[in-house]
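Chain residues, written in single-letter form:
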Amino acid sequence: MKKLLITGGAGFIGSHVVRLFVTKYPDYQIFNLDKLTYAGNLENLRDIENQPNYTFVKGDIVDASFIDALFAEHQFDGVIHLAAESHVDRSISEPMAFVMTNVVGTCNLLNAAKNTWKASGYEGKRFYHVSTDEVYGELHNPEDFFTETTPYDPRSPYSASKASSDHFVRAYGNTYKLPVVITNCSNNYGPNHFPEKLLPLMIHNILNNKPLPVYGKGENVRDWLFVVDHARAIDTVFHEGVLGETYNIGGFNEWKNIDIVKLVCKTMDSKLGRPEGTSEQLITYVTDRAGHDLRYAIDATKIMNELGWKPSLQFEEGLEKTVDWFLNNQEWLDNVTSGNYQKYYDSMYTNR
Ligand code: NAD
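If you're wondering where the values come from, they're calculated on a predicted model, not measured in any experiment.

Rules behind the numbers
Residues numbered from 1 in each chain as written. Predicted model: local features only at pLDDT ≥ 70, side-chain atom pairs only at ≥ 80, totals over all residues. Near = placed C-beta within 6 Å. Helix = DSSP H or I, 4+ residues; strand = E, 2+ residues; numbered from the N terminus. Nonpolar A, V, L, I, M, F, W, Y, C, P; charged D, E, K, R; others polar. Pairing = 2+ DSSP bridges. Axes fitted to C-alpha atoms, helices over the stretch in contact; angles between N-to-C directions. Contact = placed C-beta atoms within 7 Å. Domains from an automatic or database assignment.

**Q** Pulling in residues and values, what's your account of the site of the ligand?
**A** Neighbouring residues of the ligand: 31 residues in total, closest Gly8, Gly11, Ala39, Gly40 and Ala84. For the shell around the ligand, the secondary-structure elements that each account for two or more residues are α1 (12-24), α4 (95-117), β5 (126-132) and β7 (187-189). Of the residues in the shell around the ligand, the class split is 13 nonpolar, 13 polar and 5 charged.

Set out below in structure tokens:
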């Protein structure tokens, strides 16, 4: 039996990872550690919460003594670390929360893993850190892609905090020989995505006939990957990735923000039986995000060639699945968009 700690498992990507591991590996004992911030939602895991191999633990990775005690009690065999403050806009208004969770929280987990595992010589142990392509900075030349050797150049407080955590993970691997592996993934989309992020925000606003805020001219380019494919990649790297290595994960699926918003509009019009062009009328250009990176594009050749992973869905198919999920789960959307979310949303966008 393997005991695995998955952090941030109540969040968007974490909940898909927890579901995959709980259902695919009934002989593993999965512990989901999550603080349940505004972004954590146990509703995401209702379908598996009663499985005998699943345990939820509420707690904060910033609390070092709590983390030490948790490791001492459970002697985990592996860690998949996803807990983070994850929203770039919030990192601009409250950077210290990102330093605490993403940097200090990651170091607390590294220390606990090191101290718990060193007596066994780290035999059979693995610390897997889930990170982002944003650590690499931005691209201007359309032929360029981020590879695993691209130098780090983080440009927002979010990406700086994730870059810092990546450096600490590698440093623990190098200095203490902690068995670590890191992945850097592009933008995810799919079910359970919190509606402060682009795609669910657009879907939610179209449903509520609200303006669709697009930063600047909508020229920024991102690579998009269906969240279930990211969870599959995490499963692959956790089991087959070479210790000490980094793998980039992406969809080879680049979109300008404005084009992706128009595609969401078209898909929503078709699903809601409205004339094409109805939702596009809601598009409103707003003052650009400070320091908004122009383009991110991931070269995922290494994980594809060395570990045999590849995305399972074409983007149009993934987007349709995503829209269907939000249309069939409007109660989930209503619950997460009430209260504090509304206050946050109202403070965010100013018309250009
Ligand atoms: P999310 O914001 O949806 O979820 C984060 C989870 O972490 C939440 O459940 C939250 O409650 C929990 N959490 C936050 N602070 C915590 C703390 N101090 N202690 C314990 N739990 C805490 O984020 P996500 O989009 O699912 O991203 C998960 C991970 O994947 C992050 O590390 C992020 O950097 C990385 N990532 C995300 C994307 C993306 O497109 N969303 C892409 C690449 C990498």
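**Q** Account for the sheet that holds strand β1 (residues 2-7), naming residues and giving values.
**A** Strand order in the open sheet made by the 7 strands is β3-β2-β1-β4-β5-β6-β10, with parallel pairing throughout. On the outer flanks of this sheet lie β3 (54-58) and β10 (246-249), each paired with one strand and no other. Neighbour-to-neighbour, the strand axes of the sheet open up by a mean angle of 20 degrees, direction not taken into account. Of the pairings in the sheet, the one linking β1 to strand β4 (residues 78-81) comprises 4 bridges and is parallel in character. Across the sheet, the residue bridging to Thr7 is His81, located in β4. Packed on one face of the sheet, α4 meets β1, β4 and β5 and runs near 175 degrees to β4. The sheet strands contacting helix α7 (residues 227-240) are β4, β5, β6 (180-185) and β10, and the helix crosses β6 at an angle near 160 degrees.

**Q** Residues and numbers for the domain arrangement of the chain, please.
**A** Entries for the chain in the domain assignment read domain 1 (2-189 + 224-249) and domain 2 (198-221 + 254-293 + 314-340). The gap between the C-alpha centroids of domain 1 and domain 2 is 27 Å. The interface is formed by 13 residues belonging to domain 1 together with 12 residues belonging to domain 2. Mapped by element, the contributors of at least two residues to the side of domain 1 that touches domain 2 are α3 (88-93) and β9 (221-226). Examining the composition of the side of domain 1 that touches domain 2, we find that 3 residues originate from one element, α3, more than from any other. Split into classes, the residues belonging to the side of domain 1 that touches domain 2 amount to 6 nonpolar, 3 polar and 4 charged.

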